[in-house]
Amino acid sequence: MLRTISIKLDTTSEQQVLLEQLQRVFNQACNTIASIAMKRRCWNRVALHNLIYHQIRSDQTNGQTVLGSQMVCNAIKTVCDAYNVLKIKKAESVPLIMFRQKASVHFDKRTYSLRTGTVSLYTLSGRILVQMNLGEFQQNYLQRGRPKEAELICKNGQWFFNLVLDFSDAQLLPPEGKVLGVDLGENNLAATSSGKLFGGGALRHERDCALSLRKQLQSNGSKSAKQLLKKISGREARHVKHVNHIVSKAIVQEAQAMGCDTIAMESLTNIRCRIRAGKRVRSRLHRWAWAQLQEFVQYKAEAVGLNVVFVNPAYTSQKCAECEQIGVRQKHRFVCNFCGVQRHSDLNASRNIRRIAVSAGTATGTVNCPNVAIT
Ligand SMILES: [Zn+2]
């Protein structure tokens with residue numbers, strides 16, 4: 001399993017100059033390579049390398065490019081990847097792919113290395129040691145995953161190192177049925193089977209305001225509404241993201257505090273399950289916001305070694321978590337007429353999710369795969 005983390009870099013002004021220079025020369029090289037790839041209809045890495053190597057070397061003696069040979073390999077990879085994505089058929093003409101001066105720079109393991117709190121990066125003037133601005137979960141991630149390739153990008157003057165980590169050999173806790181069920185709801189953003197409600201009140205209100213304004217503008221459809229939507233959408237999306245970060249962190253901390261080895265959530269992405277799941281799940285207007293919350297819970301959980309499973313959400317809100325009979329929902333209360341249980345409906349749902357995950361056994365095949373639901 002591969003995960004990408006976006007690491008903010010604390011660059012000095014001298015380092016910024018060096019990175020900008022690298023970015024410019026790297027993307028110039030990509031453009032040169034792309035023109036050859038287009039003319040020769042070649043986007044196989046090895047073949048393109050053989051075609052290009054001599055030209056790049058002769059350019060270097062002419063002083064046109066000073067990109068090191070390993071960075072040239074990275075530029076070739078970038079160009080090949082860009083052409084491969086297009087899936088050009090034999091009869092089709094080949095477009096020339098242009099790389100912007102500010103496009104990202106591909107790094108492989110030979111052009112960067114990680115130290116404690118810093119990353120050593122290749123530049124045209126030798127290696128530089130750049131401070132990484134690491135959050136708590138990123139530190140956990142770095143400790144547990146095997147670093148692979150990375151993209152260096154600059155957004156609004158801020159440099160980021162988007163690093164791919166391989167978790168295929170990472171150790172997760174052995175699943176022993178200590179499951180925390182998490183229900184994502186409309187009233188509270190999340191409820192856990194341990195009895196906690198998260199992201200209600202102010203947080204939910206903040207997020208809903210952000211989402212409903214977007215919704216209004218989307219349904220309006222006028223030109224000015226579209227312009228405003230474009231303007232605000234980045235800001236609103238960032239706000240939802242902020243709220244989801246807070247709530248997901250709290251959920252993972254709760255799982256750790258309760259001594260759980262697994263977090264179970266409902267599968268929102270499986271379309272078949274969604275249809276069977278009934279009105280409650282289907283009617284959720286802002287699916288992407290929930291999907292993002294799940295994604296955040298998943299990567300934060302994995303970063304601390306917790307398993308994540310997804311269960312089929314059918315009946316999780318209608319059934320009593322204790323006796324599995326269909327009960328009655330009265331606003332936020334769930335009432336079971338068979339065993340007499342009365343509790344918050346979201347908490348009841350989270351206990352159902354926990355029950356389903358425990359009874360299915362924590363099958364490893366379902367771990368980390370939101371498209372496969374335990375039924
Ligand atoms: Zn009951």
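Note that the coordinates shown come from a computational prediction; the quantities given were computed from them, not determined experimentally.

Asker: Explanation requested: the sheet that holds strand β14 (residues 333-335) in the structure shown.
Answerer: Within a beta sheet, neighbouring strands are joined by backbone hydrogen bonds and run either parallel or antiparallel to one another. Strand order in the open sheet formed by 3 strands is β13-β14-β15, with antiparallel pairing between adjacent strands. On the outer flanks of this sheet lie β13 (328-330) and β15 (342-344), each paired with one strand and no other. Geometrically, the sheet is characterised by an average inter-axis angle of 25 degrees between neighbouring strands, direction not taken into account. In the sheet, β14 pairs with β15 via 3 bridges, with the strands oriented antiparallel. What sits directly across from Arg333, in β15, is His344. Each of β13, β14 and β15 is contacted by helix α10 (residues 345-360), which is oriented at about 95 degrees to β15, the strand it contacts most.

Asker: Quick question: what am I supposed to make of the coordination of the zinc ion here?
Answerer: For a metal with four tetrahedral donors the ideal donor-metal-donor angle is 109.5 degrees, while six octahedral donors give ideal angles of 90 or 180 degrees. Looking at the metal site, the zinc ion is ligated by Cys320 (SG), Cys323 (SG), Cys336 (SG) and Cys339 (SG), spaced 2.2 to 2.3 Å from it. Geometry at the zinc ion is tetrahedral, judged from the 4 donor atoms that bind it and their angles of 100 to 116 degrees at the metal. Read from N- to C-terminus, the donor residues coordinating the zinc ion fall into the pattern C-x2-C-x12-C-x2-C. Residue classification places Cys320 among the buried positions, given a relative accessible area of 0%.

Asker: Even after reading the chapter, I still don't get helix α4 (residues 136-144), so can you show me in this structure?
Answerer: Count 3.6 residues to each turn of an α-helix, and residues three or four apart come out pointing the same way. Residues of α4 that are buried: Gln138, Tyr141 and Leu142. With its buried residues spanning 95 degrees around the axis, α4 presents them on a single face. The exposed residues of α4 that point more than 90 degrees off its buried face are Glu136 and Gln143.

Asker: Would you take a moment to explain the side chain of Ser317 for this structure?
Answerer: Here Ser317 shows up in the loop between β12 (307-311) and β13. The exposure class of Ser317 is buried, given its relative accessible area of 8%. A polar contact is formed between the side chain of Ser317 and the side chain of Gln318, at a distance of 3.3 Å.

Asker: Help me understand the pattern of salt bridges, please; the structure alone is not making it clear to me.
Answerer: For side chains of opposite charge, pairing can occur when their charged atoms come near one another. Under the counting rule described, the total for this entry stands at 9 salt bridges. In this structure, Arg3 engages Glu302 in a salt bridge whose closest nitrogen and oxygen atoms are separated by 3.4 Å. With Arg3 in strand β1 (residues 2-10) and Glu302 in helix α9 (residues 287-303), this pair connects stretches of sequence that are 299 residues apart. We classify Glu302 as buried; its relative accessible area is 2%. A salt bridge links Glu254 to Lys196; the nearest nitrogen and oxygen atoms lie 3.0 Å apart. With a gap of 58 residues between them, Glu254 in helix α6 (residues 223-257) and Lys196 in the loop between β9 (190-192) and β10 (197-198) connect regions that are remote in the sequence.

Calculation rules
Residues numbered from 1 in each chain as written. Predicted model: local features only at pLDDT ≥ 70, side-chain atom pairs only at ≥ 80, totals over all residues. Heavy atoms only, no water. Pairing = 2+ DSSP bridges. Helix = DSSP H or I, 4+ residues; strand = E, 2+ residues; numbered from the N terminus. Axes fitted to C-alpha atoms, helices over the stretch in contact; angles between N-to-C directions. Contact = heavy atoms within 4.5 Å. Donors = N, O, S within 2.8 Å, 3.2 Å for Na, K, Ca; no water. Tetrahedral: all angles 85-135°; square planar, octahedral: opposite > 155°, others 65-115°. Buried < 20%, exposed > 50% of the residue type's maximum accessible area, 1.4 Å probe, protein only. Arc of directions from axis to C-beta. Polar contact = N/O pair within 3.5 Å; in protein donor to acceptor, adjacent residues only side chain to side chain. Salt bridge = Lys/Arg side-chain N within 4 Å of Asp/Glu carboxyl O.

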